[in-house]
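Residues per chain, in single letters:
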Amino acid sequence: MEECINIDNRDDFGNWAIEVAKQIVGEQGFDLAKAARDGTDDAVREAGNALGQAINNALMEVYDGLLEDAPE
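Quick look at the structure, then.

The rules behind each value
Residues numbered from 1 in each chain as written. Predicted model: local features only at pLDDT ≥ 70, side-chain atom pairs only at ≥ 80, totals over all residues. Heavy atoms only, no water. Helix = DSSP H or I, 4+ residues; strand = E, 2+ residues; numbered from the N terminus. Rg over C-alpha atoms; globule rule 2.2 N^0.38 Å. Buried < 20%, exposed > 50% of the residue type's maximum accessible area, 1.4 Å probe, protein only. Contact = heavy atoms within 4.5 Å. Areas by Shrake-Rupley, 256 points an atom, 1.4 Å probe, with all protein chains shown as cover. Lys, Arg positive; Asp, Glu negative; His and termini not counted. Charge placed at Lys NZ, Arg CZ, Asp CG, Glu CD. Patch = residues over 30% accessible without salt bridge, like charges linked within 9 Å, V, L, I, M, F, W, Y side chains within 5 Å. Salt bridge = Lys/Arg side-chain N within 4 Å of Asp/Glu carboxyl O. Expected span 1.5 Å × (residues − 1). Bend = angle between axes of the 7 residues up to and from the residue. Polar contact = N/O pair within 3.5 Å; in protein donor to acceptor, adjacent residues only side chain to side chain. Core = buried A, V, L, I, M, F, W, Y, C linked by side-chain atoms within 4.5 Å.

With that settled, consider the overall build of the protein. Each helix and strand in the protein was counted, giving two helices and zero strands. Its C-alpha atoms give the protein a radius of gyration of 15 Å, clearly above 11 Å, the size a compact globule of 72 residues would have. With the C-alpha coordinates aligned to their principal axes, the bounding extent of the protein is approximately 50 × 25 × 20 Å. Buried positions account for 14% of the 72 residues belonging to the protein. Pairs at least 24 residues apart make up 40% of the contacts formed inside the protein by residues separated by at least 6 positions. Here the protein displays about 5,900 Å² of accessible surface, and carbon together with sulfur accounts for 52% of that area. In the protein, which carries 5 positive and 17 negative side-chain charges, the distance between the mean positions of the two groups comes to 13 Å.

Structure (structure tokens):
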């Protein structure tokens, strides 16, 4: 998500969403699965919150990008 991309249509947005979802699941999903298998309830809660925060961050990133191009 560090790379700047242009989203000009639905297909671009869909492709962006797929790539970001893969990245989030790869990074945060593994931590959540590991916590569910080996961790305490607090570890599961923490990993779940980190997953939710990663999703939120990705959505806010694209929203902020949309606002940059919006007329005032």
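A cluster of nonpolar side chains, namely Met60, Tyr63 and Leu67, defines an oily patch on the protein surface of about 300 Å² accessible area. Of note, Tyr63 is situated in helix H2 (residues 41–69).

Attention shifts here to helix H1 (residues 10–38). If you check H1, its first and last C-alpha atoms are 40 Å apart, about what 29 residues at 1.5 Å a residue would give, namely 42 Å. The largest bend in H1 is about 35 degrees, located at Val25. Listed as buried for H1 are Trp16, Val20, Ile24, Gln28 and Ala35. A distance of 3.0 Å separates the backbone nitrogen of Asp11 from a side-chain oxygen at the start of H1, and that oxygen is part of Asn9.

This paragraph deals with the nonpolar core. Counting residues in hydrophobic clusters, the biggest one holds seven residues: Trp16, Val20, Ile24, Leu51, Ala54, Ala58 and Val62. Every element with two or more residues in this core is listed here: H1 and H2. The element that contributes the greatest number of residues to this core is H2, accounting for four residues. In contact with Ala54, not counting residues within four places along its chain, are Ile24 and Gln28.

Attention now moves to the pattern of salt bridges. A complete count under the given rule lists three salt bridges for this structure. Between Arg37 and Asp38 there is a salt bridge, with its nearest N and O atoms 2.7 Å apart. When its relative accessible area of 64% is taken as the criterion, Arg37 is described as exposed. Among the salt bridges present, the one from Arg45 reaches Asp42, with a minimum N-O distance of 2.6 Å. With Arg45 and Asp42 both in helix H2 and three residues apart, this pair spans about one turn of that helix. The class of Asp42 is exposed, set by a relative accessible area of 52%.

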